[in-house]
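Reading the structure
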Amino acid sequence: MLERFKQLLGEMNRGIYEKETEISLSLLAALAGESIILLGPPGVAKSMVARQLKTAFREAQSFEYLMSRFSTPDEIFGPVSIQKLKTSDTYERAVEGYLPTADVVFLDEIWKAGPAIQNTLLTVINEKIFRNGNREMHLPLKLLVAASNELPAKGEGLEALWDRFVIRIESRPIKLEKNFRAMLLEVKSEERGVKKQSSAAEGKANSNAITAEEYAEWTERIGKIGVKIEVLDAISAIRKSLRTVNVDEAAERRNIYVSDRRWKNIVRLLRTSAFMQDREEVDI
């Protein structure tokens, strides 16, 4: 597994500068069935990271959208099917080509979306379920990448959605001068007159791309990875220390709340990391 993932990450990082951490953690999140949020100013290749993740999966479908306060659920989850309303008086969305049929999803400026979209995303991210009319759809979603240049505003009910993103990364501009100059001189394939491949075609072209069968098999194997008692002791120690944290050198110590769901998802990430490195159990 380790060599396979090294080669896969090498292909995914080709032509992208100083985004190794973002791409490798996004792949970790995808294999663990978790979601990731990239925080940073505009123009630091946050969307490019998400597009690279499409190539990790063979014949994967993708969906991306730039949120605004005017965005509607129709634009994310698909328009209401007029035909269904007419023929069977059923309120259903035509979801093909929208988020419910995608393997990899990128939602930019996620905090600008309205409550109707954000509340639906809670179930989508956590349970991979979308209620379409009177039936529940089990989604093929492997990874949802969100991006924003700001933290969620307090007092607007965004805490539950923020909690769903187990991995949160601050994405920064290119630091090394040689990488910066290489980026300046790079010519995109579209600028050379080369037609851009679809994400499904990119997945086929990547020789190490993960198939649907492999993903299902690995998901089961990850659940069987052991966790050493020393790891559980370390988690307990961290959990206990978070009850009295000194923030900004204030006199009063604060209790930093971490949900039980988040702790469980963190252990899932640890198991996935062990699996990707050919280990049979999580160690310190």
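Let me begin by describing the structure that accompanies this report. (Residues numbered from 1 in each chain as written. Predicted model: local features only at pLDDT ≥ 70, side-chain atom pairs only at ≥ 80, totals over all residues. Heavy atoms only, no water.)

Our focus in this paragraph is the sheet that holds strand β6 (residues 143-148). Read across the open sheet, the five strands follow the order β2-β3-β6-β1-β7; overall the sheet is parallel. Each edge of the open sheet carries a strand with a single partner, namely β2 (62-66) and β7 (165-170). Averaged over all neighbouring strand pairs, the angle between strand axes comes to 15°, with direction disregarded. Judged from the four bridges that link them, strand β1 (residues 35-39) and β6 form a sheet pairing that is parallel. Looking at the pairing, Ile36 lines up with Val145 of β6. (Pairing = 2+ DSSP bridges. Helix = DSSP H or I, 4+ residues; strand = E, 2+ residues; numbered from the N terminus. Axes fitted to C-alpha atoms, helices over the stretch in contact; angles between N-to-C directions.)

The next thing to look at is the nonpolar core. Counting residues in hydrophobic clusters, the biggest one holds 42 residues, and the most contacted among them are Phe5, Leu27, Leu31, Ile36, Phe57 and Ile210. Ranked by residues supplied to this core, first place goes to helix α2 (residues 20-32) with seven residues. Counting residues in each nonpolar core, the second largest holds 29 residues, with Ile37, Ala113, Met137 and Leu161 among its members. (Core = buried A, V, L, I, M, F, W, Y, C linked by side-chain atoms within 4.5 Å. Buried < 20%, exposed > 50% of the residue type's maximum accessible area, 1.4 Å probe, protein only.)

Attention now goes to the environment of Ala153. In this fold, Ala153 is placed in the loop between β6 and α7 (159-164). Judged by relative accessible area, Ala153 falls into the partly exposed class, the value being 37%. Linking Ala153 and Val166, residues 13 residues apart in sequence, is a C-alpha distance of 18 Å.

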